[in-house]
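Take a look at the letters that make up each chain.
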Amino acid sequence: SIRPSPSAAAAAASEGVVVATVRHDEQPHLTPRQYGEGLRRKRLAAGIRSGRRRDGPRDASPPPDDESSGDGVDGGRGRGRKPVDGDKDKRKRSKRSKKDKSKDKNDGKNDGKNKPGKNKPDKNKPPKKPPNKKPSGGSKPKPKPRPQTSSSSSGFANEPSSSQNLLQNDKPGRESDCPPTWSKERRYAGGDLVAAKGRVYECKPHPHDGWCSHNAQFEPSAGVHWTMAWDAVDSCDCGECTPEPTPKPVKPRPTPRPVRPTQPSRPSGSGGGSKSDFTNNKSTVQRVYDMLDNKRSSIDGSIFLYQGKEPSTVYRYEGFISGLRIMVEDGVAKKHFYLGDGSPNGHLYGLANIAAFLGQSMKETIQYDACDENNWDYLAGGAGGVVYPLSNACGQLEQDYQDYHCPEHERHMECEVDSKMSLTGTTHAKWYGAPGPFFCGPKSEYEQTGIWDHTYACNDPWANPPRSCDVYEGQKAGRYDNSRAVANRNGRTDVEGCCWWGRGVIQTTGICNFGKLNYYLGARAKKEGRDSRYPKVDFCKDPGIICSSREHKELKWIAGMFYWLESLQSYDERGWNYMKELHKFVDGGMTDNSFIDGVSGVVNRGCHDPPCGTGPVDGIQERAGNFNKVLTLLTS
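The rules behind each value
Residues numbered from 1 in each chain as written. Predicted model: local features only at pLDDT ≥ 70, side-chain atom pairs only at ≥ 80, totals over all residues. Heavy atoms only, no water. Disulfide = S-S within 2.5 Å. Helix = DSSP H or I, 4+ residues; strand = E, 2+ residues; numbered from the N terminus. Buried < 20%, exposed > 50% of the residue type's maximum accessible area, 1.4 Å probe, protein only. Pairing = 2+ DSSP bridges. Polar contact = N/O pair within 3.5 Å; in protein donor to acceptor, adjacent residues only side chain to side chain. Contact = heavy atoms within 4.5 Å. Core = buried A, V, L, I, M, F, W, Y, C linked by side-chain atoms within 4.5 Å. pLDDT = per-residue confidence, 0-100. Axes fitted to C-alpha atoms, helices over the stretch in contact; angles between N-to-C directions. Parallel < 35°, antiparallel > 145°, perpendicular 65-115°, else oblique. Nonpolar A, V, L, I, M, F, W, Y, C, P; charged D, E, K, R; others polar.

Colleague: Got a minute to help me understand the state of the cysteines in this structure?
Modeller: With the rule as written, the count across this model stands at 6 disulfides. Here Cys 440 connects covalently by a disulfide to Cys 499, the sulfurs 1.9 Å from one another. Disulfide Cys 440 to Cys 499: torsion about the S-S bond roughly 100°, handedness right-handed. Placement of Cys 440 in strand S9 (residues 439–440) and of Cys 499 in the loop between strand S11 (479–481) and helix H11 (510–520) is noted, with a sequence separation of 59 residues between them. Cys 458 shares a disulfide with Cys 469; S-S distance 1.8 Å. Measuring handedness by torsion sign, the sulfur bridge of Cys 458 and Cys 469 sits at about 90° and is right-handed. Note that Cys 458 is positioned in the loop between strand S10 (451–453) and S11 and Cys 469 in the loop between S10 and S11, a separation of 11 residues in sequence. Classification of Cys 458 as buried rests on a relative accessible area of 3%.

Structure follows, in structure tokens:
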């Protein structure tokens, strides 16, 4: 789940942005439609109607007069549940005499609690809940309801959704049956229900329901974008899962997203990744070049694809091979992209290294056809259910890119943060209503920043005055809305000095990485008397040159390969050395995923054996699949 820091949550709440968090488990039982009836009974019993509408958050309304409180799920869909010791006591209590019931009624009148229309709850008070009963058979007590962040009247989140109300007003139904688990083979529509790890999730209405069946990225709670497609609406008894503990208001760790920024490199020279141990062989290098050239059309046609289908407009073979030759022959700081030694398997070492690099690049950027980092970190709220803070340019997932410092011994290479710098990204996401490109600038230019409103109908020639979509080419909906300040997860409501978002094929990010490019390859190297491949390119004054340059289209590849030299080919931690593992993989017949899984951990999590304190690898199977696809193509 994606959850904000306390500071971001407070800032978001002040602007009416609701941020919710949930958990999940798995339990097959009823069909989505069968389980839906039981869930609706429970909602009505708790004083909630779905009130679904297509254009915004769902309402919470009082129950009808003929509905009484109680466990609507067990009452409506209790089949298959074995009797427990407490059931007999419940039946005994239900057989009270009319006289006893009348006495209770009279007692209620005396204390003023029973009024005409007794089954209608006070609209200003939460629905009355049945008293907690002691669990039978020594079972664990039911967990407390999850606290819910309230919204303000800012206009972005005027009302909590029905799922948020259910989590707030109803205790989790640990005795409920569960609907079927989510399956990527099944097609879901708005209102369909699935179970995952002790939670029930409901597919959001149109237009979000299209994502419910999209792919594993939208799998309830497990996928990186699941909150775009699903609402958590209930708890269910999943047998072996344990009750969910009441969350504490502490700063959580965010879930990873498809594009991860690169981290400052480790000191070079340790382990087997150094040039002295693994040196390129000239004839092997030429052999690899020839093999790549022979596969040129296949690489462009099956590897460099947007969403796995359309040819990428950003990443093509011409730029790739140009950047590769530079990093193999010239290198950076005496480090070179490795294409193989003079042994019989030399060319296979090089091809496997290329396949590992391209497999990660496919996951990070190529599949999105993006050079600039996309604005994808959203908060719950607004008419469309989510909002995208424009201050995400400063850092997504609680990060602060301008504070990405180098290790102490490399601090002199960093770029200085220029508060006057003003830039706009070149690329952006392409889905309907997708956020426009990132931008940065001083407070004198952007006093405050708000959101990207992806629901805004910008293409309306019949409006007065007529409206058109003019933020980016191919735009179908959406607009920048700075009418009120909205903070990102790190509390920023401006974009001053925030020009260091990710760029290039593996998203070079932060003042350290751009500074090192400038120190070794750019204008600073020329200024200080060192050899410079791009003496007129100042990566510190214009980090966007990586994506915008028409003269040097290979820069987006150069930036990614520089990261590969710094962070992969030099990686040697806790007995796992990248170069040695590469050779071991090839010499062992290239048959298992242990090597590429370690590589994925380094790229996505900073270590070869995640979670390493930050969680599991995002898309580890997809990354392995990409690697094997490229390796098979190059070696066939």
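Colleague: Explain the sheet that holds S10 to me, please; I cannot follow it from the model alone.
Modeller: Two pairing modes exist for strands in a sheet, parallel and antiparallel, and in both the strands are linked by backbone hydrogen bonds. The 4 strands are arranged S6-S7-S10-S11 in an open sheet whose pairing can be described as antiparallel. The open sheet has two edge strands with one neighbour each: strand S6 (379–380) and S11. Note that strand S7 (residues 386–389) and S10 share 2 bridges and pair antiparallel. In the strand pairing of S10, Tyr 388 is matched with Trp 452.

Colleague: Would you mind showing me how to read the side chain of Arg 623 here?
Modeller: Looking at where Arg 623 falls in the secondary structure, it is placed in helix H17 (residues 620–635). Classification of Arg 623 by relative accessible area gives buried; the value is 0%. Side-chain polar atoms of Arg 623 contact the side chain of Gln 360, separated by 2.7 Å. Those residues in contact with Arg 623 that sit more than four places away from it in its chain are Gln 360, Lys 363, Glu 364, Ile 596, Ser 600, Val 603, Asn 604, Val 617 and Asp 618.

Colleague: How do you make sense of the nonpolar core when you look at a structure like this?
Modeller: Generally speaking, soluble globular proteins have nonpolar side chains that are buried together. Counting residues in each nonpolar core, the largest one holds 112 residues, and the members touching the most others are Leu 324, Phe 337 and Tyr 578. Not counting residues up to four positions away in its chain, the partners in contact with Phe 337 are Asn 280, Leu 324, Met 327, Val 328, Asn 353, Ile 354, Phe 357, Met 561, Trp 564, Leu 565 and Gln 569. If you look at the next biggest cluster of nonpolar residues, it comprises 6 residues, including Cys 178, Leu 193, Val 200 and Cys 236.

Colleague: Could you clarify how one ought to interpret the confidence of the model for the chain in this entry?
Modeller: The predicted coordinates ought not to be read in detail in places where the model reports low pLDDT. Mean pLDDT for the chain: 74, with 64% of residues reaching 70 or above. Counted against residues more than four places away or in other chains, residues 101–176, with its pLDDT under 50, gives 149 contacts.

Colleague: Mind showing me how you'd approach the packing of helix H14 (residues 555–568) against helix H16 (residues 594–605) here?
Modeller: For any two helices packed against each other, the geometry is given by the interaxial angle and the distance between the axes. Where H14 meets H16, the closest approach of the two axes is 11 Å, and the angle between their N-to-C directions is 110°. As the angle between them shows, H14 and H16 are arranged roughly perpendicular. Where H14 abuts H16, its residues Tyr 563, Trp 564, Ser 567 and Leu 568 lie against Val 599, Val 602 and Val 603. Its residues assigned to classes, the contact of H14 with H16 comprises 6 nonpolar, 1 polar and no charged.

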